[in-house]
Amino acid sequence: KMVESASPLNEELLADSLLQMGNIFVKSNEPDMAVEKLQECLNIKKNVFGPENEHVADVNYALGLAYEKASDTDKATTHLAEALRFFKMKRNKAGAANVYH
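Residues numbered from 1 in each chain as written. Predicted model: local features only at pLDDT ≥ 70, side-chain atom pairs only at ≥ 80, totals over all residues. Heavy atoms only, no water.

It is worth spelling out the packing of helix H3 (residues 54–69) against helix H4 (residues 73–89) at this point. Closest axis-to-axis distance for the H3/H4 pair is 7 Å, and the angle between their directions is 155 degrees. Between H3 and H4, the angle falls in the class roughly antiparallel. For the pair H3 and H4, the crossing hand works out as left-handed. Of the residues in H4, those in contact with Glu54, Ala57, Asp58, Asn60, Tyr61, Leu63, Gly64, Leu65, Tyr67 and Glu68 of H3 are Lys75, Ala76, His79, Leu80, Glu82, Ala83, Phe86 and Phe87. When the residues that make up the contact of H3 with H4 are grouped by side-chain class, the tally is 10 nonpolar, three polar and five charged. (Axes fitted to C-alpha atoms, helices over the stretch in contact; angles between N-to-C directions. Helix = DSSP H or I, 4+ residues; strand = E, 2+ residues; numbered from the N terminus. Parallel < 35°, antiparallel > 145°, perpendicular 65-115°, else oblique. Left-handed = near helix turned anticlockwise from the far one by under 90°. Contact = heavy atoms within 4.5 Å. Nonpolar A, V, L, I, M, F, W, Y, C, P; charged D, E, K, R; others polar.)

The following block contains the structure:
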């Protein structure tokens, strides 16, 4: 873990930074580094917001793309399906449309 922090705000800021780093690694064609950062981000977001939250769904979507780039179809499908399930449950059409890209 990069930083031990005491407050939920610090945890949230750390998670947001990890999400951005993960997205950069995906775009830089370094999916293994992306997965590592995004998985840490997902753990923090679940801890801060709970599992049924749009922030968590966004990270699941990003993780799905990272696994897709890493050619891990099973894990990509799992994370994309979880993001899609949440977006459909909340009737978030834009989020659901992104999953279908």
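Don't stop here, the text continues.
Looking at the secondary structure, you find Lys45 in helix H2 (residues 31–49). With near-sequence residues (within four places) excluded, Lys45 lies in contact with Ala15, Asp16, Gly50, His55, Val56 and Val59.

Turning to unusual backbone geometry, a few remarks are in order. Positive phi, normally seen in glycine, also occurs at Asn29, with a value near 60 degrees. With respect to the secondary-structure elements, Asn29 resides in the loop between helix H1 (8–27) and H2. Relative accessible area serves as the criterion here: at 53%, Asn29 is assigned to the exposed category. The backbone phi angle of Ser71 is positive, close to 65 degrees, even though this residue is not glycine. Along the chain, the position of Ser71 falls in the loop between H3 and H4. When its relative accessible area of 63% is taken as the criterion, Ser71 is described as exposed. (Buried < 20%, exposed > 50% of the residue type's maximum accessible area, 1.4 Å probe, protein only.)

The biggest cluster of nonpolar side chains holds 19 residues, and the ones touching the most others in it are Leu19, Ala34, Leu38, Cys41, Leu63 and Ala66. For this core, the elements supplying multiple residues, two or more each, are H1, H2 and H3. Setting aside anything within four residues of it in sequence, one finds Ala34 in contact with Gly22, Phe25, Val26 and Ala66. Ranked by size, the runner-up nonpolar core spans six residues in total, among them Tyr61, Leu80, Phe86 and Phe87. (Core = buried A, V, L, I, M, F, W, Y, C linked by side-chain atoms within 4.5 Å.)

These figures capture arrangement, not role.
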